[in-house]
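# Secondary and tertiary structure notes
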Amino acid sequence: MSDTETSASPTDERHRLRRSLGFRDLVVYGLLFIAPMAPVGVFGTLDARSHGAVALVYVVATVAMAFTAFSYAQMVRVVPQAGSVFAYARAGLGRGAGFIAGWMAMLDYVLIPAVAYLFSGIAMNALVPEVSRWVWTALAVVVTTLLNLWGVRAAARVGFLVLALEVVVLLVFVVAAVVVLARDGAARGVLSPLSGDGTQGAFAWSAVLGAVSVAVLSYLGFDAIATFAEEVTGGSAKVARALLFCLALAGVLFVAQTYLVALLEPTTSARLAADPGKQGAAFYDAVDVSVGGWLHDLVAASKAVGAAFAALAGQAAAGRLLFAMGRDRRLPRALSRTDAGVPRVALLCAAVITLLAAGWAARRDDGLDKLVSVVDIGALTAFTLLHASVVGFFAVRRRGRERVSWWRHVLVPVAGAAITVAVIVEASGVAQVVGAVWLVIGVLVLVGQRGRVAVPG
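Procedures and definitions
- Position numbers for residues count from 1 along each chain, tracking the sequence in the order it is written.
- The model is predicted, so local features are restricted to residues of pLDDT at least 70 and side-chain atom pairs to those at 80 or more, both for listing and for counting; the totals for chains, interfaces and linings are taken over all residues.
- Each side-chain value is derived from all of the structure's non-hydrogen atoms; neither hydrogens nor water enter the calculation.
- Within 6.5 Å between ring centres, the rings of Phe, Tyr and Trp (the latter by its six-membered ring) count as paired, and their orientation is classed by plane angle as stacked under 30 degrees, edge-to-face over 60, tilted in between.
- The helix count covers DSSP runs of H or I at least four residues long, the strand count covers runs of E at least two residues long, and both are numbered beginning at the N terminus.
- Each residue is assigned to one of three classes by its accessible area relative to the maximum for its type, calculated with a 1.4 Å probe on protein chains only: buried under 20%, partly exposed between the two thresholds, exposed over 50%.
- Counted as over-ring charges are cases with an Arg CZ or a Lys NZ within 6 Å of the ring centre that also lie within 35 degrees of the ring normal.
- Think of pLDDT as the predictor's per-residue confidence, scored from 0 to 100.
- Note on contacts: a residue pair qualifies if any of its non-hydrogen atoms lie within 4.5 Å across the two residues.
- Only C-alpha atoms enter the line fits that serve as axes; for helices the fit covers just the stretch in contact. Angles between N-to-C directions range over 0 to 180 degrees.
- Ten residue types, Ala, Val, Leu, Ile, Met, Phe, Trp, Tyr, Cys and Pro, are classed as nonpolar, four, Asp, Glu, Lys and Arg, as charged, and the remainder, Gly among them, as polar.
- Within this analysis, patches are made of residues with over 30% relative accessible area and no salt bridge. Like charges are joined at 9 Å or less; nonpolar side chains (Val, Leu, Ile, Met, Phe, Trp, Tyr) at 5 Å or less.
- Values of accessible area rely on a 1.4 Å probe in the Shrake-Rupley scheme; residue burial ignores everything except the protein chains shown.
- By definition here, a salt bridge exists when the distance from a side-chain nitrogen of Lys or Arg to a carboxyl oxygen of Asp or Glu is within 4 Å.
- The term polar contact refers here to a pair of N or O atoms within 3.5 Å; inside protein, the definition further demands a hydrogen-donor-capable atom paired with an acceptor-capable atom, and it admits residues adjacent in sequence only when both atoms are side-chain atoms.
- The span expected for a helix works out to 1.5 Å for each residue beyond the first.
- Reported orientations rely on four angle classes, namely roughly parallel under 35 degrees, roughly antiparallel over 145, roughly perpendicular from 65 to 115, and oblique for the rest.
- The hand of a helix crossing depends on one turn: near helix anticlockwise from the far one by less than a right angle means left-handed, and clockwise means right-handed.

## A word on the packing of aromatic side chains
Taken as a whole, this structure holds 15 aromatic pairs when the rule is applied. Geometrically, the ring pair formed by Tyr219 and Phe254 is edge-to-face, given 5.2 Å between the ring centres and 65 degrees between the ring planes. With a gap of 35 residues between them, Tyr219 in the loop between α10 (205-215) and α11 (237-264) and Phe254 in helix α11 connect regions that are remote in the sequence. Take Tyr219 and Phe254: they sit in the same class, and that class is buried. Put simply, the rings of Phe43, Phe173, Phe283 and Tyr284 touch in pairs and so form one group of aromatic residues. Over the aromatic face of Phe160 sits the side chain of Arg24, whose NZ or CZ is 4.1 Å from the ring centroid.

Following this line, the structure appears as structure tokens:
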């Protein structure tokens, strides 16, 4: 059996997904997972770290993540399977590397919905404090899991409505910000979001690049589009286009909103850097002071609903990853069973893990920080193996039908891997330790499987 084949026959209805998604559905899932207003929570941190050049940070971060999107686009064309980076690493580096890539990606796909659910619970608790954030978190898990079990197409339709509402809120913010700026002027220099506000000294690329290591985490989730490769109509080229389009659109939205809010921000980057406690609420504080509390509440409500549906997209992607690894006999075979083309067993398994993780984090003061650190390191490690897979598939194994393109198949993925490794190096010590422990456990599991499944490469 070749590395690009699955363990189950593609004609086996019990292990086959239903093709029902179009280009718009793929973009909806990607943007839902990312969230159009993802910078809201990290604006203050990025502003402080970059010395005020927060919009430039997102310009650079978009370019940096474009390398990863490009590598995904290369692999999804030749390995159009639900396992995403698990399938790509298996094809480009061998079965053993494929398992490790999928194992590390599990930290991202299975736990990032827990982070989103917790964000939703926290936001709803702030709006309705009489109800515990744990109750709101559990309610969000139940509602979105039922939608996912209903089917990927139905979930995409509901998700489109939620995404439309999020975009409307973002547009309201943009219009309100422009009106205030035209009426009252900017609190900072017009070019300061791109060049720094000057309160921490001269412009420094080192400060910008240090902030980029945090900003790239806002994009986590766009890669989930690749997990729907077996459910899209019209071929895998549509998945590649959706990946690149989703990243570009997210980049434009992120740059635009951070540029505007930076102009509204009355607090200098130096003061934010000196008082880390104010960084988390910096976006909301700027909106409160310049526009009014009504927009604060509108953005908070949008973030609450949007986070729940970001988790819906994440849970759907996690289910596809577990489904693909079960189909390849790397996880229990029961995970690869489908019902009317829906991987309900894998989805329920992902939901249970997510609920347990979100519930644990909701009851701890440091729960959110712990979850985020684990998610980040898993995603970045998987991205690194993705880039290696491109080089392995096209340049080393030469399995592609086209001639090797040294810039597409070597230069771009090597540069992408250098970026993700640099971000891993900048990650917190806790994240690095957790990632290393999870990697060791994965290697032990892989070694234990050698007697049951051949592991060439």
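## Some thoughts on the confidence of the model for the protein
Per-residue confidence for the protein gives a mean pLDDT of 82; residues scoring 70 or more make up 91%. For residues 1-11, every residue scores under 50 in pLDDT, and the model assigns this stretch 33 contacts once sequence neighbours within four places are set aside.

## Brief notes about the packing of helix α13 (residues 282-290) against helix α14 (residues 293-327)
One way to put it is that α13 packs onto α14 with a least axis distance of 7 Å and a crossing angle of 145 degrees. Contacts between α13 and α14 involve Tyr284, Val287 and Asp288 from the former and Gly293, Leu295, His296, Val299, Ala300 and Lys303 from the latter. Residues of the contact of α13 with α14, tallied by class, amount to five nonpolar, two polar and two charged.

## Points about a nonpolar patch on the surface
Judged by side-chain polarity, Val59, Val63, Val190, Leu191 and Leu194 come together as a nonpolar surface patch covering roughly 440 Å² of accessible area. We classify Val190 as exposed; its relative accessible area is 54%.

## Concerning the side chain of Asp197
Looking at where Asp197 falls in the secondary structure, it is placed in the loop between α9 (192-195) and α10. Polar contacts involving the side chain of Asp197 include one to the side chain of Ser269, which spans 2.9 Å. Each residue touching Asp197, except ones within four places of it in the same chain, is listed here: His51, Gly52, Arg188, Ser192, Thr268 and Ser269.

## Examining the environment of Trp103
The topology assignment puts Trp103 in helix α5 (residues 95-109). Distance in space between the C-alpha atoms of Trp103 and Val390 is 19 Å, their sequence separation being 287 residues. The residues contacting Trp103, other than those within four sequence positions of it, are Met325, Trp438, Ile441, Gly442 and Val445.

## Regarding helix α15 (residues 344-362)
An α-helical turn contains 3.6 residues, so a residue and the one three or four places further along point in the same direction. Under the 1.5 Å per step criterion, the end-to-end length of α15 is 26 Å for 19 residues, consistent within 8% with the ideal 27 Å. Turning to α15, its buried residues number three or more, namely Ala346, Leu347, Ala350, Ala351, Thr354, Ala357, Ala358, Gly359, Ala361 and Ala362.

## Observations concerning the packing of α5 against α14
In a pair of packed helices, the angle between the axes and the distance between the axes together describe the arrangement. One way to put it is that α5 packs onto α14 with a least axis distance of 10 Å and a crossing angle of 155 degrees. On the basis of the axis angle, α5 is roughly antiparallel to α14. For the pair α5 and α14, the sense of crossing is left-handed. Of the residues in α14, those touching α5 at Phe99, Gly102, Trp103, Ala105, Met106 and Tyr109 are Gly314, Ala317, Ala318, Leu321, Leu322 and Met325.

## Overview of helix α8 (residues 152-184)
Between its first and last C-alpha, α8 extends 47 Å over 33 residues, near the 48 Å set by a 1.5 Å rise per residue. Directly after α8, the chain includes Gly185, whose backbone phi takes a positive value near 85 degrees.

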